[in-house]
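# Descriptive structure summary
Each chain, letter by letter, is given below.
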Amino acid sequence: MTGSRGLRILIILAAVMGADGVILAALSAHQGDATRLAAASSMLLFHSPAVLAAVALAERGIIDIRIGTAAASGFVIAAALFAGDLSLRQFAGHPLFPYAAPSGGTLLVVSWLLLAVAAAWPRRIS
């Protein structure tokens, strides 16, 4: 997913994450005992700009494009797992699957570390 099309898909997903984060924030403000929705909103709103930043840095060659794209993809998948699990627990009363939120949280940590590796990885000179 390192090509132009793949980067555009990540940008689209980041925009959807941002929109979903705002929607969940609004829902959490208008529902009683909606702390799960607030946490889900935060994860989406924090990581949407992280995806955009990773894509921009990768596209400009500041970080390794393959590793940076992997980090951005990890942010998308992990935030969706985390927010999806908390939202489903709030609205349906059951988890997405056992340990979905912790799995998402772990993948977020790994994705941040991947972003650090992408910045440290030497660029190929053609």
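It should be emphasised that the depicted structure is a prediction, and the values quoted were computed from it without experimental measurement. (Residues numbered from 1 in each chain as written. Predicted model: local features only at pLDDT ≥ 70, side-chain atom pairs only at ≥ 80, totals over all residues. Heavy atoms only, no water.)

Using the criterion set out here, one finds 3 salt bridges in the structure. For Glu59, the salt bridge goes to Arg60, with nearest N and O atoms at 3.5 Å. Residue Asp85 is joined to Arg89 by a salt bridge in which the shortest nitrogen-to-oxygen separation is 2.8 Å. Of this pair, Asp85 and Arg89 both sit in helix α3 (residues 65-92), 4 residues apart, which is roughly one turn of the helix. On the basis of relative accessible area, Asp85 is assigned to the buried category, the value being 0%. (Salt bridge = Lys/Arg side-chain N within 4 Å of Asp/Glu carboxyl O. Helix = DSSP H or I, 4+ residues; strand = E, 2+ residues; numbered from the N terminus. Buried < 20%, exposed > 50% of the residue type's maximum accessible area, 1.4 Å probe, protein only.)

With that out of the way, let us pick up the environment of Thr69. Inspection of the secondary structure assignment puts Thr69 in helix α3. On a C-alpha basis, the gap between Thr69 and Leu115 in space is 8.7 Å, while along the polypeptide they are 46 residues apart.

On to the packing of aromatic side chains. Overall, the coordinates contain 1 aromatic pair when judged by the stated rule. Measuring from ring centre to ring centre gives 4.7 Å for Phe75 and Trp112, while their planes differ by 55°; the resulting arrangement is tilted. Of the two residues, Phe75 sits in helix α3 while Trp112 sits in helix α4 (residues 100-120), which places them 37 residues apart along the sequence. Residue classification places Trp112 among the partly exposed positions, given a relative accessible area of 42%. (Phe/Tyr/Trp six-rings, centres within 6.5 Å; stacked < 30°, edge-to-face > 60°.)

Residue position: Asp33 is located in the loop between α1 (4-30) and α2 (35-59). For Asp33, a relative accessible area of 68% gives the class exposed. Asp33 sits 57 residues away from Gln90 along the chain, and the two C-alpha atoms are 9.2 Å apart.

Before going further, it helps to spend a moment on α4. In a regular helix each residue adds 1.5 Å, so 21 residues correspond to 30 Å; α4 covers 30 Å between its end C-alpha atoms and thus fits that length. For α4, the set of buried residues is Ala100, Ala101, Gly104, Leu108, Ser111, Leu115 and Ala118. Viewed end-on, α4 has its buried residues packed into an arc of 90°, placing them on one side of the element. For α4, the exposed residues set more than 90 degrees away from the buried face come down to Val109, Leu113 and Ala120. Check the buried side of α4 and you find it contacts α2 and α3. (Expected span 1.5 Å × (residues − 1). Arc of directions from axis to C-beta. Contact = heavy atoms within 4.5 Å.)

What is shown is where atoms sit, not what they do.
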